[in-house]
Amino acid sequence: MLGQFAADSSASVQSVCKRLAHTGEAACRSTSAEMVIFIWKNLLQTTKERILQQRRMSVYSQAHGYEEELIKKKLQQFAGGSINLTKEDNGIGILTLNNPKSMNAFTGTMMLELQEKVTELENWKDGKGLIIYGAGNTFCSGSDLNVVKAMSKFQDGMNMCMFMQNTLTRLMRLPLISVALVQGKAIGGGAELTTACDFRLMTPGSEIRFVHKLMGLVPGWGGGARLVRIVGSRAALQLLSGATRVDTERALHLGLSEETLSSSDEAGALEEARAWLSQYTEGPVSVIRAAKEVVAGGRELPLEAALRTEKDIFGTLWGGPANLQALARSLKHK
Ligand SMILES: CC[C@H](C(=O)O)C(=O)SCCNC(=O)CCNC(=O)[C@H](O)C(C)(C)COP(=O)(O)OP(=O)(O)OC[C@H]1O[C@@H](n2cnc3c(N)ncnc32)[C@H](O)[C@@H]1OP(=O)(O)O
């Protein structure tokens, strides 16, 4: 642990030195107090860049036999539907899966658009939360079956699987508190998509179902691995091997859903989801995003790496504006 700390510190110092070399002369002329502030700011910047880099890291690259450009070209051939993103002033993004004639099944171009929207969300500095929902009162019925049939060759399937795992892993790691608003059905890849969100809210009568077994498959968008972390291995095995229909009651019982909303219609359910999410997104952007980043680290990393990540993120807030303003106010949390 100490060795790692030393390695981390030395890496940070090296990085600061590189920056100093760039701006060398100006820095040398500074007073020592200015120098300390300069170094501290550089360290903070380096830490932020490292956290950002970790967050955007994909699971698969060429080293894994993944051919991104090839799969993108293939997906481009299966057009239809869209993925729409609205970024609201309150820091909540609304991502809509929009292909209602096929119960919001993912066409090839929708997979590509999802990747683009995730990139846009990674670059949204004011974002705090995200709600994903499907148009036409239903969530998503997974991959478009026409795409599944046309991509039945082994290499196509593997590339599509890696493409979606990369995108959904980046979605899961966004510094935004994310909610899947499940109306109607979340089937196959649609069920997998819900597990890439931090929370799931369901409307009356809705269901989540991993139907993969019925197709001679297992999840391929990372939904199996994530499901184990959400409901535990025993329940996950039951849901996958039984292709079990998970209604609102069972989802609550398993901890797969946080709450059953009272509205069934789109506008009412969205409003309820916004209100539910806002209790967690209330407050300074930097602090809300940091809370999500600490949890994402704790969820994914071995303990010591998670602790170091928490330290790095803590360092981005300590002595910062939100911290100083809080200290200047009453410190009684009644
Ligand atoms: C590797 C697997 C992959 C993954 O997980 O990564 C997948 O996701 S594979 C896809 C898994 N999903 C399915 O197999 C869903 C198949 N569809 C159904 O079981 C039903 O359609 C259902 C339960 C979603 C909805 O049933 P309901 O009775 O309410 O409606 P319809 O069946 O009449 O559906 C309306 C309309 O939508 C079309 N539809 C539904 N799902 C898909 C889909 N995944 N791909 C393409 N089209 C889909 C359905 O065919 C109907 O169209 P119509 O023209 O009216 O026949």
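- Naming follows an unreviewed UniProt entry, where the protein chain appears as Ethylmalonyl-CoA decarboxylase of Melopsittacus undulatus.
- Quoted verbatim from the Sequence similarities (unreviewed entry) field of the UniProt record, the comment on the protein chain reads "Belongs to the enoyl-CoA hydratase/isomerase family."
- Heading Subcellular location (unreviewed entry) of the UniProt record for the protein chain holds this comment: "Cytoplasm, Cytosol".

## Considering the overall build of the protein chain
- Tallying secondary structure elements over the protein chain gives 15 helices and nine strands in all.
- Going through the 334 residues of the protein chain one by one, you find that 46% of them count as buried.
- Across the protein chain, the fraction of contacts at a sequence separation of at least 24, relative to all contacts at a separation of at least 6, is 73%.

## Comments concerning the packing of aromatic side chains
- The tally for this structure, following the rule as stated, stands at five aromatic pairs.
- On the numbers, 6.1 Å between centres and 20° between planes, the contact of F199 with Y280 is stacked. With F199 in strand β6 (residues 199-202) and Y280 in helix α12 (residues 266-281), the pair connects residues that are 81 residues apart, well separated along the chain.
- Residue Y280 is classed as partly exposed on the basis of its relative accessible area, which comes to 37%.
- An aromatic cluster is defined as three or more aromatic residues linked by ring pairs; in this entry it consists of F199, W276 and Y280.

## Details of the site of the ligand
- Contacts to the ligand come from 18 residues, most closely from S141, S143, G189, H212 and W221.
- A distance of 2.9 Å separates an oxygen atom of the ligand from a polar backbone atom of S143.
- W221 is positioned such that a nitrogen or oxygen atom in its side chain is 2.9 Å from an oxygen atom of the ligand.
- Contact with the protein chains hides 57% of the accessible area of the ligand, taken as 980 Å² for the molecule alone.
- Elements with a contribution of two residues or more to the shell around the ligand: β5 (185-187) and α8 (189-195).
- The residue makeup of the shell around the ligand, split by class, is seven nonpolar, seven polar and four charged.

## So, the pattern of salt bridges
- A complete count under the given rule lists eleven salt bridges for this structure.
- The salt bridge partner of R173 is E300, with a shortest N-O separation of 2.7 Å. With R173 in the loop between α7 (154-172) and β4 (177-182) and E300 in helix α13 (residues 285-300), this pair connects stretches of sequence that are 127 residues apart.
- You can call R173 buried: its relative accessible area is 18%.
- Overall, the relative accessible area of 34% leaves E300 in the partly exposed class.
- Notably, a salt bridge pairs D198 with R299, separated by 3.1 Å at the nearest N-O pair. Of this pair, D198 sits in the loop between α8 and β6 while R299 sits in helix α13, placing them 101 residues apart in sequence.
- Residue classification places D198 among the buried residues on the basis of a relative accessible area of 14%.

## Focus: the pairing of β4
- Extensive coverage of β4 is indicated by the burial of six of its six residues.
- Residues I177, V179 and L181 line one face of β4 and the alternating positions S178, A180 and V182 line the opposite face, and both faces are buried.
- Where strand β3 (residues 129-134) meets β4, four bridges bridge the pair, whose relative direction is parallel. Across the sheet, the residue bridging to I132 is A180, located in β4.
- Both β4 and β6 contribute to a ladder of four bridges, which runs parallel. Across the sheet, the residue bridging to A180 is R200, located in β6.

## Digging into a nonpolar patch on the surface
- On the surface, L145, L214, M215 and L217 cluster together into a nonpolar patch covering about 400 Å² of accessible area.
- Following the sequence through the fold, M215 ends up in the loop between β7 (207-209) and α9 (223-231).

## Topic: the state of the cysteines
- For the coordinates displayed, the defined rule picks out zero disulfides.
- In this structure C140 is a free cysteine whose sulfur lies 11 Å from that of C197, the closest cysteine sulfur available.
- On the basis of relative accessibility, which here comes to 0%, the residue C140 falls in the buried class.
- On the basis of relative accessible area, C197 is assigned to the buried category, the value being 3%.

## Quick word on the sheet that holds strand β2 (residues 92-98)
- Taken together, six strands build an open sheet; the order of strands is β1-β2-β3-β4-β6-β9 and the sheet is mixed. The open sheet has two free edges, formed respectively by β1 (82-87) and β9 (259-260), since each of these has just one partner strand.
- Both β2 and β3 contribute to a ladder of six bridges, which runs parallel. Residue I92 lies in a different strand from β3, and its bridge partner there is G129.
- Across the sheet, α12 touches β2, β3, β4, β6 and β9, and the angle it forms with β3 is around 160°.

## Here we look at the side chain of E88
- With respect to the secondary-structure elements, E88 resides in the loop between β1 and β2.
- Within the structure, E88 has its side chain in polar contact with the side chain of R274 (distance 2.8 Å).
- Those residues in contact with E88, other than ones at most four positions away along the chain, are I94, W124 and R274.

Parameters at a glance
- Residues numbered from 1 in each chain as written.
- Predicted model: local features only at pLDDT ≥ 70, side-chain atom pairs only at ≥ 80, totals over all residues.
- Heavy atoms only, no water.
- UniProt positions renumbered as here; feature names shortened; annotations may be inferred.
- Helix = DSSP H or I, 4+ residues; strand = E, 2+ residues; numbered from the N terminus.
- Buried < 20%, exposed > 50% of the residue type's maximum accessible area, 1.4 Å probe, protein only.
- Contact = heavy atoms within 4.5 Å.
- Phe/Tyr/Trp six-rings, centres within 6.5 Å; stacked < 30°, edge-to-face > 60°.
- Near = heavy atom within 4 Å.
- Polar contact = N/O pair within 3.5 Å; in protein donor to acceptor, adjacent residues only side chain to side chain.
- Areas by Shrake-Rupley, 256 points an atom, 1.4 Å probe, with all protein chains shown as cover.
- Nonpolar A, V, L, I, M, F, W, Y, C, P; charged D, E, K, R; others polar.
- Salt bridge = Lys/Arg side-chain N within 4 Å of Asp/Glu carboxyl O.
- Pairing = 2+ DSSP bridges.
- Patch = residues over 30% accessible without salt bridge, like charges linked within 9 Å, V, L, I, M, F, W, Y side chains within 5 Å.
- Disulfide = S-S within 2.5 Å.
- Axes fitted to C-alpha atoms, helices over the stretch in contact; angles between N-to-C directions.

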